[in-house]
Amino acid sequence: MYSKLLFSYLLKLLQNAESLLPQIHSGSDVEHLHKYRVSLRRAHSLIKIYLKAHRDFNAPLKSLLKSTNELREIDVLMMSIDAEEYPSLLSDLVQYRNNLYQERWHIEIVDKHKNELHQSITQLNQLQYDLSNEALIKIALNQFQNAIALKKQLSHKSSAKKIHQVRIDCKLARYTLDFIHDKGLHDVNKQIKKCKKILNHFGDIQDTANQLALLKDFCESHSSSECKALYNSRKKTFKKLKETL
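First things first, this report covers the structure right here in the doc. Model, not experiment: these values are computed from the prediction.

Conventions adopted
Counting restarts for each chain, with residues numbered from 1 along the sequence as it is written. Local features in this predicted model are restricted to residues of pLDDT 70 or higher, and side-chain atom pairs are both shown and tallied only at a pLDDT of 80 or more, whereas totals for entire chains, interfaces and linings draw on every residue. Computation of side-chain values covers all heavy atoms of the structure but excludes hydrogens and water. For this analysis, a ring pair means two rings from Phe, Tyr or Trp (six-membered ring only for Trp) whose centres lie within 6.5 Å, classed as stacked if their planes differ by under 30 degrees, edge-to-face if by over 60, and tilted for the remaining angles. A run of H or I in DSSP counts as a helix once it spans at least four residues, and a run of E counts as a strand once it spans at least two, with each numbered from the N terminus. Only protein chains enter the accessibility calculation, which uses a 1.4 Å probe; a residue is then buried when its area is under 20% of its type maximum, exposed when over 50%, and partly exposed in between. The salt bridge criterion pairs a side-chain nitrogen of Lys or Arg with a carboxyl oxygen of Asp or Glu, the two atoms within 4 Å. Note on definitions: the grid is 1 Å and covers protein atoms alone; a cavity is a set of points where a 1.4 Å probe fits but cannot get out; a pocket is an open set with protein on both sides within 12 Å along at least five of seven lines; lining residues have an atom within 4 Å of a point. Grid points are joined across faces, edges and corners, and a volume is the space filled by probe spheres set on the points. Throughout this entry, Asp, Glu, Lys and Arg are counted as charged residues, while Ala, Val, Leu, Ile, Met, Phe, Trp, Tyr, Cys and Pro are counted as nonpolar. The remaining residues, Gly among them, count as polar. In what follows, a contact means two residues having at least one pair of non-hydrogen atoms within 4.5 Å. We define the nonpolar core as a collection of buried residues of types Ala, Val, Leu, Ile, Met, Phe, Trp, Tyr and Cys that are connected through side-chain atoms lying within 4.5 Å of one another. The disulfide criterion used throughout: a pair of cysteine sulfur atoms within 2.5 Å.

1. Description of the packing of aromatic side chains
Each pair of aromatic rings is reported with the distance of its centres and the angle of its planes.
Argument step 1. Enumeration according to the criterion identifies four aromatic pairs in this entry.
Argument step 2. Ring geometry for Y50 and F179: centres 5.8 Å apart, planes at 65 degrees, overall edge-to-face. On the criterion of sequence distance, the pair formed by Y50 in helix α2 (residues 30–50) and F179 in helix α8 (residues 160–182) is long-range, its members being 129 residues apart. By the burial criterion, Y50 is buried, and F179 matches it.
Argument step 3. Within the aromatic cluster, the residues linked to one another by ring pairs are Y9, Y50 and F179.

Rendered as structure tokens:
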């Protein structure tokens with residue numbers, strides 16, 4: 001017997017993303033953009049794992065996510081900066097963020113997001129949901145086991161590319177586990193907790209790597225002692241984080 005649980009779960013994610021769009025702007029709470037991205041990422045991940053034949057359907061979701069990467073990265077960086085320690089740098093970053101929103105989140109881009117999401121929601125019912133509840137559980141558990149096996153292969157010498165790929169595999173595992181847990185299909189609390197712990201560490205590594213790349217470019221056009229000091233500080237942090245892999 002085929003399961004309808006995946007369809008209802010995906011529909012809820014895309015509708016939630018659609019409802020968040022009007023709340024995202026340069027002066028809004030940064031959590032609105034974050035939650036929007038999480039809904040898109042979860043939907044994209046579940047389609048990638050469970051509905052492999054529907055790459056064409058999934059492509060627009062990936063594109064929408066990618067278009068908001070820089071906005072989220074500047075938000076994460078600014079939230080991590082001590083205003084008393086780096087007042088001038090933070091002031092410069094506020095202006096940079098405002099300019100970035102004008103460039104990357106103007107009315108035409110927002111309308112594109114609205115249209116793509118509306119189209120995805122409309123087409124969602126046309127996908128082939130030919131998996132049973134048992135198959136949904138098995139695929140999720142296999143994804144988790146594969147992600148853990150790949151995580152064990154990492155070391156502080158691993159390349160940034162490899163670390164990033166394993167992080168993606170762990171995220172896919174987390175999202176599929178969350179799905180079968182939320183729908184009451186299987187008790188995976190222990191596996192979810194393990195994924196959370198791993199992803200928290202991976203998140204710190206990825207965020208720091210993103211911040212280093214952003215600061216490197218920013219310091220070239222906004223040279224200051226504060227910018228250089230923060231860059232050097234985050235560089236040391238990145239090294240320590242990798243050493244604990």
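2. Thoughts on the pattern of salt bridges
Argument step 1. In this structure the tally under the stated criterion is five salt bridges.
Argument step 2. Between E70 and R104 there is a salt bridge, with its nearest N and O atoms 2.2 Å apart. Residue E70 is located in helix α4 (residues 69–79), and its partner R104 is located in helix α5 (residues 87–104); the two are separated by 34 residues in the primary sequence.
Argument step 3. Assessed through its relative accessible area of 32%, E70 is described here as partly exposed.
Argument step 4. R104 sits in the partly exposed class, given a relative accessible area of 27%.
Argument step 5. The residue R97 makes a salt bridge to D75 at a minimum N-O spacing of 2.6 Å.

3. Describing the layout of surface pockets
Argument step 1. Volume-wise, the largest pocket comes out at about 1,400 Å³.
Argument step 2. Taken together, 41 residues form the lining of the largest pocket, with R37, R41, R167, I168 and K171 sitting closest to its centre.
Argument step 3. Along the lines of polarity and charge, the residues of the lining of the largest pocket split into twelve nonpolar, 13 polar and 16 charged.
Argument step 4. Taken as a whole, the second largest pocket holds about 210 Å³ of empty space.
Argument step 5. Surrounding the second largest pocket, E70, E73, I74, Y96, L100, N210, A213, L214, D217, F218 and S221 form its lining.
Argument step 6. Every element with two or more residues in the lining of the second largest pocket is listed here: α4, α5 and α9 (189–221).

4. A word on the environment of Q191
Argument step 1. Considering the arrangement of structural elements, one finds Q191 in helix α9.
Argument step 2. Considered as a pair, Q191 and I148 are 43 residues apart in the sequence and their alpha carbons are 9.9 Å apart.
Argument step 3. Non-local contacts of Q191, meaning those with residues more than four positions away in its chain, are made with L141, F144 and L177.

5. What to know about the nonpolar core
Argument step 1. Counting 72 residues, the largest nonpolar core has L10, Y36 and Y50 as its most contacted members.
Argument step 2. For this core, the element with the highest residue contribution is α9, accounting for ten residues.
Argument step 3. Ignoring sequence-local partners within four residues, the contact set of L10 consists of A43, L46, I47, L51, L124 and Y129.

6. Describing the state of the cysteines
Argument step 1. In this structure the tally under the stated criterion is one disulfide.
Argument step 2. C219 shares a disulfide with C227; S-S distance 1.9 Å. Looking along the S-S bond of the C219-C227 disulfide, the torsion reads about -100 degrees, which is the left-handed sense. The same class applies to C219 and to C227, which are both buried.
Argument step 3. Here C170 is not cross-linked by a disulfide; its sulfur's nearest cysteine counterpart is in C195, at 6.0 Å.

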